[in-house]
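One-letter residues, chain by chain:
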Amino acid sequence: MKKIPVTVLTGFLGSGKTTLLNRILSEQHGKRIAVIENEFGEIGIDQALIINADEEIFEMSNGCICCTVRGDLIRVLGNLMKRRDKFDYVVVETTGMADPGPVAQTFFMDDEVRSEFALDGIITLVDAHHVNQQLGRSKESTEQIAFADVLVLNKTDLVSPAELDALEARVRGMNRMAKIYRAERAQVPVEVVLGLDAFDLDKALIKKPTFLEPEYPFEWTGVYDLAAGRHEISLAEGPDPSMSLVAVVDQGSDDASLRASAEWCVRRWAETPLALAAGATIPLGRHVELQLQAPGRKSFVLELERPTRVGLFTQHTAEEFELQVSQRATSGEERVVPTQAERTWVAQHEHDDEVGSVGIELDGDIDDKKLNAWIGRLLRERGVDIFRMKGFISLVGEPRRFVFQGVHMLFDGQPDRPWGDAPRRNQLVFIGRNLDRESMTREFARCLA
Amino acid sequence: MPGVTFNQPKGALRVGWSANVDDYAIAGGWALNGEALLVADSAGGVHAFEGTSGKPRWARRGAHAGGAMTASIHPEGATLATGGQDGHVRLWNARDGAPGAALAFGDGWVEHLAWSPDGRWLAASCKREVRVYSMSGEELWRSPPHPSTVSALAWSGADVLATACYGRVTFFRMPTGGESQRLEWKGSLISMVLSPDGEIIACGSQDNSVHFWRRSSGQDSMMSGYPGKPAVLAFDDKGRLLATGGSEAVTVWSFEGDGPEDTEPGVLELHVMPISALAFEPRAQRLASGSRDGAVVLWTLNQAGHGEPCGVVQLPQPISGLHWRPDGRGLAAFDACGSVTAWRVGK
C-alpha cells in the first residue's frame, strides 16, 4: 500500500510560509492536498482540505526527547486516514516557533501514523532580510534550518547580492544536506518542495547519488561580457602563492545558470589542475592553477574566437588578488572590463555557528560490529545535539549498500540495492550542535574492517 | 491458525447480514433493544439498518459536514447522539431518524460523546473543552479548558464524568461540574475505560503502556512492554477483566484478587495484524476482537483472562468497531471501507 506523502513547512513568522502554501495549492498539479495549519492563515482554496490544529507537544514519562511527538498531528492524521480516498498529499504548516524535532519524530514513533504516512521532506523558509537577527536570538530558527531538506531563502529583493551570498554561506555551513533556493515572494517551482523522497534514501540516492550538497572549492565568480580577441587577466600579490580557476564560456548571470556552472566547475576541480606561469594562455573550461609567487602584478591571457560572456570561477575572491580583466582596444589603449554579475560561494570550513554539518567520505569496507558500537555510543552521548543524519555504508561481506538516516536518537537503517559495478564507498552526513568533525571522522575511520 | 483465510464465519459466529454505508464506518451501535443497528460514517452520514435483516431503515446523509467522528446511543436505546467535524452535536430519533436538537459546540471537531449510565446527561468534547447537555439538548455545564485536546470521556457512576487528556484524568461531579478528583501522570493518554462501578480507570498511553488507577486509593500502576500504542481497551461488565490492544495479541488483565499487578496477563494470539477493536459480551465473559487486516475473533475467557478462540471470521478491510447486540445473541463489525456486518452468535 502506498503511503501518503507529507511535507512539513517551517519558518519564522513572516518568512513566507503562507505565500508558498498558497502557491502550492493554486498550482494545477491535480493533487488533492490536505493542509494541517497551526497558525490561522487566510487560505481558502476549493481543492484543499484545511484543518486547523493547535500545536500539542507530548513528552513521554521516560523523559527521552526523541520520544517527544506532536499529539495534534497524530490526532489529525489519524482522522485523515479515515477518508483516504479524498486526498493524496498532506502539507503540515508549523508555527514560526515550532521545533521540527517532534514533528519529524511523529512519523517514526507513532505506529499508526507510520503505517499510513511517509514524511516526504522538511521545507524551511528563511526571511533573508531578518534571519540574521533571528538566528542570534532563538534556537528555533537555527533548528528549523538544521532540520531542513530544502531551504528557501525568501525575500531576496530586500537584501543586496552580497548579503544574500553571505547568508547562503552561513546557512550552508549549518546544513550541508539541504538544497538551497533563492526566491522573491516565495516563488519556487512546486516540484522543488513536493515529492522530494528526502526520507526514502533509496529513491533520494537515485535522484542524486550524494547526500552532501557541494561546499564549493571556489569562493567567487565574476561574469564578463567580452568581445572576440585577446584579453588579459591580471592579479596582484595575494594571500596564497597560487590560485586555481576555471573560465566558463556562454555564462548566464542569473542564479540558476550560475549554480549550474558551479556544479560543473566542482567536477572540473576534481581534475588535476594545469599549472600556468605568468604570461601563459588560460584554456577555457579547464582547471588551472595560476602561479603567483613572483612579486608585482602578473598577467595571463584569455583568447576568444567570438564574443561571449565568460564566467571566471576563482578559488579566492577577486578582491584578495585585485583581479582585473582588460582588453586592448585597436587604438592600443588598455580598457578594464567591468563585471556583469558577481557572486561569492560558500567556501569550505568557515563556520562560526554552533550548529553545523559534518560530512565524512571514505573509501573502503566497514566492520558492522565496530560501526554499531560507534553509532550507538555517538547517539547515546550526542543524540540530543544531532538533529539529522544520513548516510550510506559499504559493509564488509555485504553485497548491498547499507543506507541509514536518523532524527536525534532515532536511527533507521537497512541494506538496499546491490553495489553492482558502482565503486564501494562510504558517505555520512550529520547536522548538529557543536559536532567535532575531526574526532568523528577519525572514529569513523577506525570502523574500517 | 494464523495465516489461514476464513471467508465464512466459524464456530459460534453464524451467518447474518451485511450492508454498506458511504465511507469509513466510524461509530454507532445497537438501538431499540437490538431492533436497529445505527452507523455514523466519515462521509458525514447517519444510517440505520434493521437488526435482524440488515434492510435499510433510514439514512440521514450529510448530517455532519466534513464527516462524523463519534456517536453514542442513549441507554434506553431510542436516541442517538452524533458529533462531527462540523463542530456540532446532533440528536436523532433512533426509530425513524427524525432530527432532534442540533447543538453548535465550536469551530473544532466534536470527537467524543458519552451518555451517562442513567441517560440523564450527554457529555461531549471539542478541542480542550467538555460540555454536558440534558436529554433534550439543553446545555448544563461547560468545563474550563483542559491543558490539551480531550482524548476520551467516560462516566464513573451516574453523575461523575471522567475526562482524559495529555497528563491527566479529571473527574467532574454533575450537575455542578465541581472537580472532584484529578489523577496525574506525565504521558499522553489516548484512550480510557472505567470499570462499571467506576473504581478502576484504565488508560492507553502513547508510550506503548496501559496505566491503571484505583479511584478510592489513588493507587496507580503502569503495564508497559506493548509493541504499539494500546488505543483500544474494553472492560467486561463485572469489572473483572480488562482487554487491551497495542499489538497483534489481545492482552487481558484480571482484577480478581489483588489485581493485575505482578500477574501474568492472558495473551490471546490469533490475529496477524494489530488489534483495532475490542468488545465484551454483555453479562458474560466472551470477548470479540477485530484487527487491522479485517479478522474478527470470538474468545472464551476464564477468570484469569486466559482463553481460547470460539469463533472466527475474516473480512477484507480493517475493523473499526465491534458492537454486541444487547441480548448477546448478535455481533456487528464495522470496517474502514463502510461495510457493516452482523452475525448471529451461538452459545
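These numbers come from a predicted model, not from an experiment.

### Here's the deal with the overall build of chain A
A count of helical and extended segments in chain A gives 12 helices and 24 strands. Taking 2.2 N^0.38 as the reference for a compact globule, 449 residues should give roughly 22 Å; the C-alpha atoms of chain A span a radius of gyration of 24 Å, in line with that estimate. Overall size of chain A, expressed as C-alpha extent along the three principal axes, is 80 × 55 × 40 Å. Buried positions account for 54% of the 449 residues belonging to chain A. Counted over contacts in chain A with a minimum sequence separation of 6, partners at least 24 positions apart contribute 76%. For chain A, the exposed surface amounts to about 19,000 Å²; the carbon and sulfur share of it is 50%. Taking the 53 positively charged and 71 negatively charged side chains of chain A as two groups, their mean positions are separated by 4 Å.

### Overview of helix α7 (residues 161–174) of chain A
Owing to its 3.6 residues per turn, the α-helix brings residues three or four apart onto one side. Taking 1.5 Å as the rise per residue, α7(A) with 14 residues should run 20 Å; its terminal C-alpha atoms sit 20 Å apart, in good agreement. All of the buried residues in α7(A) are Leu164(A), Asp165(A), Leu167(A), Glu168(A), Val171(A), Arg172(A), Gly173(A) and Met174(A).

### Quick word on the state of the cysteines
As enumerated under the stated definition, the model contains zero disulfides over all chains in all. Free cysteine Cys126(B): the closest other cysteine sulfur is in Cys165(B), separated by 15 Å.

### Structural notes on the interface of chain B and chain A
Interface extent is often summarised as the accessible area lost during association of the parts. Facing 23 residues of chain B, the contacting portion of chain A comprises 22 residues. Between chain B and chain A, roughly 2,100 Å² of surface is buried when both sides are summed, and carbon and sulfur atoms account for 47% of that area. Looking only at chain B, the three residues that lose the most surface to chain A are Trp109(B), Gln206(B) and Lys229(B), adding up to 24% of its buried area. Taken together, the links from chain B to chain A amount to six salt bridges. Taking the shortest distance from any N to any O, the salt bridge between Glu112(A) and Arg292(B) comes out at 3.5 Å. Seen at the junction of chain B and chain A, the total is eight residue pairs in polar contact (both at pLDDT 80 or more).

### Things to note about the pattern of salt bridges
Residues and elements named next belong to chain A. In total, this model carries 56 salt bridges over all chains according to the counting rule given. Across the salt bridge formed by Arg259 and Asp255, the nearest N and O atoms sit 3.4 Å from each other. Here the residue Arg259 and the residue Asp255 both occupy positions in helix α9 (residues 255–269), the gap between them amounting to four residues, near one helical turn. We classify Arg259 as buried; its relative accessible area is 15%. For Asp255, a relative accessible area of 26% puts it in the partly exposed group. Linked through salt bridges whose partners overlap, the residues forming this network are Asp165, Glu168, Arg182, Asp255, Arg259 and Arg343.

### A short note on the confidence of the model for chain B
Of all residues in chain B, 98% have pLDDT values of 70 or greater, and the mean over the chain is 94. Here residues 1–6 of chain B is a poorly scored stretch, pLDDT under 50, and it has eight contacts once near neighbours within four places are set aside; other chains count.

### Notes on the packing of helix α11 (residues 368–382) of chain A against helix α12 (residues 437–445) of chain A
Residues and elements named next belong to chain A. At a minimum axis distance of 10 Å, the contact between α11 and α12 shows a crossing angle of 155°. With respect to each other, α11 and α12 are oriented roughly antiparallel. Contact residues: α11 offers Leu371, Trp374, Arg377 and Leu378, while α12 offers Met440, Glu443 and Phe444. Across the contact of α11 with α12, the residue classes break down as five nonpolar, no polar and two charged.

### Considerations on the side chain of Thr156(A)
Looking at where Thr156(A) falls in the secondary structure, it is placed in the loop between β8 (150–154) and α7. Ignoring anything within four residues of it in the chain, the contact list for Thr156(A) reads Leu164(A), Arg182(A), Ala183(A) and Glu184(A).

### Let's talk about the sheet that holds strand β5 (residues 46–50) of chain B
Residues and elements named next belong to chain B. Overall, antiparallel pairing links the four strands, which are arranged β3-β4-β5-β6 in an open sheet. Because the sheet does not close on itself, it has two edges, and the strands there are β3 (25–31) and β6 (56–60). If you compare each strand with its neighbour and ignore which way they point, the axes differ by 15° on average. Of the strand pairs in this sheet, β5 and β6 are connected by four bridges, and their pairing is antiparallel. Of the residues in β6, the one forming a bridge with Ala48 is Trp58.

### Topic: the sheet that holds strand β28 (residues 307–314) of chain B
All names here are of chain B. Read from one edge of the open sheet, five strands run β1-β28-β27-β26-β25, paired in antiparallel fashion. Of all strands in the sheet, those with a lone pairing partner are β1 (10–11) and β25 (275–280), marking the two edges. Sheet topology note: the strand β27 (residues 295–301)/β28 ladder contains seven bridges and is antiparallel. Paired with Val296 across the two strands is Val313, which belongs to β28.

### A closer look at the pairing of strand β18 (residues 334–337) of chain A
Residue and element names in this part refer to chain A. Bridging between strand β17 (residues 324–328) and β18 involves four bridges; their strand directions are antiparallel. Bridging across to β18, Gln327 finds its partner in Arg335. Remark: five residues form the turn of the hairpin made by β17 and β18, two consecutive strands paired antiparallel; Gly332 in that turn has positive phi of roughly 90°.

### A closer look at the packing of aromatic side chains
Any aromatic ring pair is given by two values, namely how distant the centres are and how the planes are angled relative to each other. Tallied over the entire structure, the rule returns 20 aromatic pairs over all chains. Geometrically, the ring pair formed by Phe58(A) and Tyr166(B) is stacked, given 4.6 Å between the ring centres and 10° between the ring planes. Pair noted here: Phe58(A) is in strand β4 (residues 57–58) and Tyr166(B) is in strand β16 (residues 160–173), and the two residues belong to different chains. You'll find Phe58(A) and Tyr166(B) in the same group, each marked buried. Considering the side-chain rings of Phe147(A) and Phe387(A), the 5.5 Å spacing of their centres and the 45° angle between planes classify their relative orientation as tilted. Taken as a pair, Phe147(A) in helix α6 (residues 139–147) and Phe387(A) in strand β21 (residues 386–393) lie far apart in primary sequence, 240 residues in all. Like Phe387(A), Phe147(A) is buried. Taken together, Tyr216(A), Phe218(A), Trp269(A), Phe313(A) and Trp345(A) form an aromatic cluster joined through their ring pairs.

About the thresholds
Per chain, residues are indexed from 1 in the order of the written sequence. Here chains are named by letter from A upward and ligands by number from 1 upward, in the order in which they appear as written. Confidence filtering applies because this is a predicted model: local features only for residues at pLDDT of at least 70, side-chain atom pairs given and counted only at 80 or more, and all residues used for totals across whole chains, interfaces and linings. By convention in this description, side-chain values take in all heavy atoms of the structure and omit both hydrogens and water. Each helix is a run of H or I in the DSSP string that is no shorter than four residues. Each strand is a run of E no shorter than two, and both are numbered from the N terminus. For the radius of gyration, the atom set is restricted to C-alpha positions; the globular benchmark scales as 2.2 Å times the number of residues to the power 0.38. The buried label goes to any residue with under 20% of its type's maximum accessible area, the exposed label to any with over 50%, and the partly exposed label to all in between, with areas taken from a 1.4 Å probe on protein chains only. By definition, residues are in contact when any of their heavy atoms lie within 4.5 Å. Note on areas: Shrake-Rupley with a 1.4 Å probe; residue coverage comes only from the protein chains shown. The charge count treats Lys and Arg as positive and Asp and Glu as negative. His and the chain ends do not count. Taken as the charge centre is NZ of Lys, CZ of Arg, CG of Asp or CD of Glu, depending on the residue. Helix span is expected to be 1.5 Å times the residue number reduced by one. Here, the term disulfide refers to a pair of cysteine sulfur atoms separated by no more than 2.5 Å. Buried area counts how much accessible surface, traced with a 1.4 Å probe, disappears from two parts once they are put together, with both parts' losses summed. Any carboxyl oxygen of Asp or Glu within 4 Å of a side-chain nitrogen of Lys or Arg constitutes a salt bridge here. Polar contact criterion, stated in full: a pair of N or O atoms within 3.5 Å, where within protein one must be able to donate a hydrogen and the other to accept it, and residues adjacent in sequence count only if both atoms are side-chain atoms. You can read pLDDT as the predictor saying how much it trusts each residue, on a scale of 0 to 100. Whenever a helix is involved, its axis is fitted only over the stretch in contact; in every case the axis is a line through C-alpha atoms, and angles between N-to-C directions fall within 0 to 180 degrees. Oblique is the label for any angle not under 35 degrees, not over 145, and not in the 65 to 115 range, which are roughly parallel, roughly antiparallel and roughly perpendicular in turn. For this classification, Asp, Glu, Lys and Arg are treated as charged, while Ala, Val, Leu, Ile, Met, Phe, Trp, Tyr, Cys and Pro are nonpolar and the rest, including Gly, are polar. Strands are treated as partners if at least two bridges between them are detected by DSSP. Pairing of aromatic rings covers Phe, Tyr and the six-membered ring of Trp, with a centre-to-centre limit of 6.5 Å; geometry is then stacked below 30 degrees between planes, edge-to-face above 60, and tilted otherwise.

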